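Secondary and tertiary structure notes
Residue-level listing of the chains:
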Amino acid sequence: RFGAAQGGFYLPAQTAFTAMTLLSQAIVSSLVVEAAKDEAHAPRHAAAMLRRIAVIVWPAAVVVAVGAPWLLALFGPEYREHATFLLQLLMLTVFPKVVTSLFNTRCRLQNRTGRIAVLQSLQAAVLVGGTALLAGPVGLTAVGWSALAAEGIPALLLGPTVIRWLRHGRP
């Protein structure tokens, strides 16, 4: 849909986003291990994981978003021009992704993997559908807007459930 040139501009932004997502997922994976051993204290472990993400991942995402024009300029001025806003949008998705990650962890602990499948299917539909719908009007940033919607909408809907779960484990 975008062509080879746009695909080229997408690659560095996607690479930075993937690195940030993998960092976040590594922290979340430790939550699954700890909470599986001690499910009664899972909310406390989740709150600790959230603090780690807030201290490590979120500041890194802000640095990448703010520095996006200069980071992308390393690949050439065209990358800076065509992919800066995309990278900034992708870095924004790191914030609501924490909510969906916590929801997925809770579902794993409760052995409710069907909910995870539904959530991920809906997110994929929003990402692919949104990109297809927005590609004409906004170009490559359609991917960023769609990714933000795919994480942001579920985060808004699932946020109250996740907050209740986190509060449940606090004294």
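Bear in mind the structure is a predicted one, so any value in this text is a computation, not a measurement.

1. Focus: the pattern of salt bridges
Side chains carrying opposite charge are able to pair once their charged atoms draw close together. In this structure the tally under the stated criterion is two salt bridges. Note that Lys37 is salt-bridged to Glu34, the shortest N-O span being 3.5 Å. One end of the pair, Lys37, and the other, Glu34, are both in helix α1 (residues 3-37), three residues apart, so they sit about a helical turn from each other. On the basis of relative accessibility, which here comes to 35%, the residue Glu34 falls in the partly exposed class.

2. Concerning the packing of aromatic side chains
Scanning the model with the defined rule gives four aromatic pairs in all. Ring plane angle 45° and centroid distance 5.6 Å describe the contact between Phe75 and Tyr79, whose orientation is recorded as tilted.

3. A short note on the packing of helix α4 (residues 77-92) against helix α7 (residues 141-168)
Contact pair α4 / α7: the axes reach a minimum separation of 8 Å and the direction vectors enclose 10°. Put simply, α4 runs roughly parallel to α7. Only Thr141, Val143, Gly144, Trp145, Ala147 and Leu148 of α7 make contact with α4, whose side of the interface consists of Phe85, Leu86, Leu89, Leu90 and Leu92. Residue classes in the contact of α4 with α7 are distributed as nine nonpolar, two polar and no charged.

4. A closer look at the packing of helix α5 (residues 94-109) against helix α6 (residues 113-138)
Taken N-terminus to C-terminus, the directions of α5 and α6 make an angle of 150°; their axes are 8 Å apart at the nearest point. Judged by the angle between their axes, α5 and α6 are roughly antiparallel. Each of Thr100, Phe103, Asn104, Cys107 and Arg108 in α5 lies in contact with α6, whose residues at this interface are Thr113, Arg115, Ile116, Leu119, Gln120 and Gln123. When its residues are assigned to classes, the contact of α5 with α6 shows four nonpolar, five polar and two charged.

5. A word on the nonpolar core
Within the largest apolar cluster, 39 residues are counted, with the highest numbers of intra-cluster contacts made by Met91 and Leu102. Going through the elements one at a time, α1, α2 (42-55), α3 (57-73), α4, α5, α6 and α7 are the ones with two or more residues in this core. Counting residues per element, this core draws most heavily on α1, at eight residues. Residues contacting Leu102, with those up to four places away along its chain left out, are Leu31, Ala46, Met49, Val162, Trp165 and Leu166.

Conventions adopted
Residues numbered from 1 in each chain as written. Predicted model: local features only at pLDDT ≥ 70, side-chain atom pairs only at ≥ 80, totals over all residues. Heavy atoms only, no water. Salt bridge = Lys/Arg side-chain N within 4 Å of Asp/Glu carboxyl O. Helix = DSSP H or I, 4+ residues; strand = E, 2+ residues; numbered from the N terminus. Buried < 20%, exposed > 50% of the residue type's maximum accessible area, 1.4 Å probe, protein only. Phe/Tyr/Trp six-rings, centres within 6.5 Å; stacked < 30°, edge-to-face > 60°. Axes fitted to C-alpha atoms, helices over the stretch in contact; angles between N-to-C directions. Parallel < 35°, antiparallel > 145°, perpendicular 65-115°, else oblique. Contact = heavy atoms within 4.5 Å. Nonpolar A, V, L, I, M, F, W, Y, C, P; charged D, E, K, R; others polar. Core = buried A, V, L, I, M, F, W, Y, C linked by side-chain atoms within 4.5 Å.

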